[in-house]
Amino acid sequence: TTLFRSHIFAIQHEKRDELAKHLKSREITTAVHYPRVLADQPCYADPESSRTAGDLATARTVACQTLSLPIFPLMNADEQDAVIAAVREF
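Residues numbered from 1 in each chain as written. Predicted model: local features only at pLDDT ≥ 70, side-chain atom pairs only at ≥ 80, totals over all residues. Heavy atoms only, no water.

(A) Quick look at the environment of I8. Structurally, the position occupied by I8 is in the segment before β1 (9-12). What makes I8 partly exposed here is its relative accessible area of 40%. When the C-alpha positions of I8 and H33 are compared, they lie 8.5 Å apart, and in sequence the two are 25 residues distant. Each residue touching I8, except ones within four places of it in the same chain, is listed here: H33, Y34, S68 and I71. (Helix = DSSP H or I, 4+ residues; strand = E, 2+ residues; numbered from the N terminus. Buried < 20%, exposed > 50% of the residue type's maximum accessible area, 1.4 Å probe, protein only. Contact = heavy atoms within 4.5 Å.)

In structure tokens form, the structure reads like this:
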């Protein structure tokens, strides 16, 4: 049986990587779905742009702090409670 896992439940935390390690130690899988803003992707590079790094400071901060928690259609209440407890514990 293949579970369809198309949903993303993203949270923002200033210690994202440490939180991800904490959750992994509790056998809770996380992901970083959007590690950079689109403007920082090589395919969108524009050498003639007058944009400065400060123009996207908020977007870059959010990208560095966003972590996707597990969520899927067959996730049961015990699994949900385990994720909630582990995040609160952190």
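(B) Looking closely at unusual backbone geometry. For E27, which is not a glycine, the phi torsion comes out positive at approximately 60°. Tracing the sequence through the fold places E27 in the loop between α1 (16-25) and α2 (57-65). Taking the relative accessible area as the measure of exposure, E27 reaches 74% and is therefore exposed.

(C) Representation of the pattern of salt bridges in the model. In total, this model carries three salt bridges according to the counting rule given. The salt bridge involving R26 is made with E89; its shortest N-O contact spans 2.8 Å. With a gap of 63 residues between them, R26 in the loop between α1 and α2 and E89 in helix α3 (residues 77-89) connect regions that are remote in the sequence. With its nearest N and O atoms 2.6 Å apart, the salt bridge here joins D40 to R60. Here the residue D40 occupies a position in the loop between α1 and α2, and R60 occupies one in helix α2, the gap between them amounting to 20 residues. (Salt bridge = Lys/Arg side-chain N within 4 Å of Asp/Glu carboxyl O.)

Distances and angles like these do not, on their own, reveal function.
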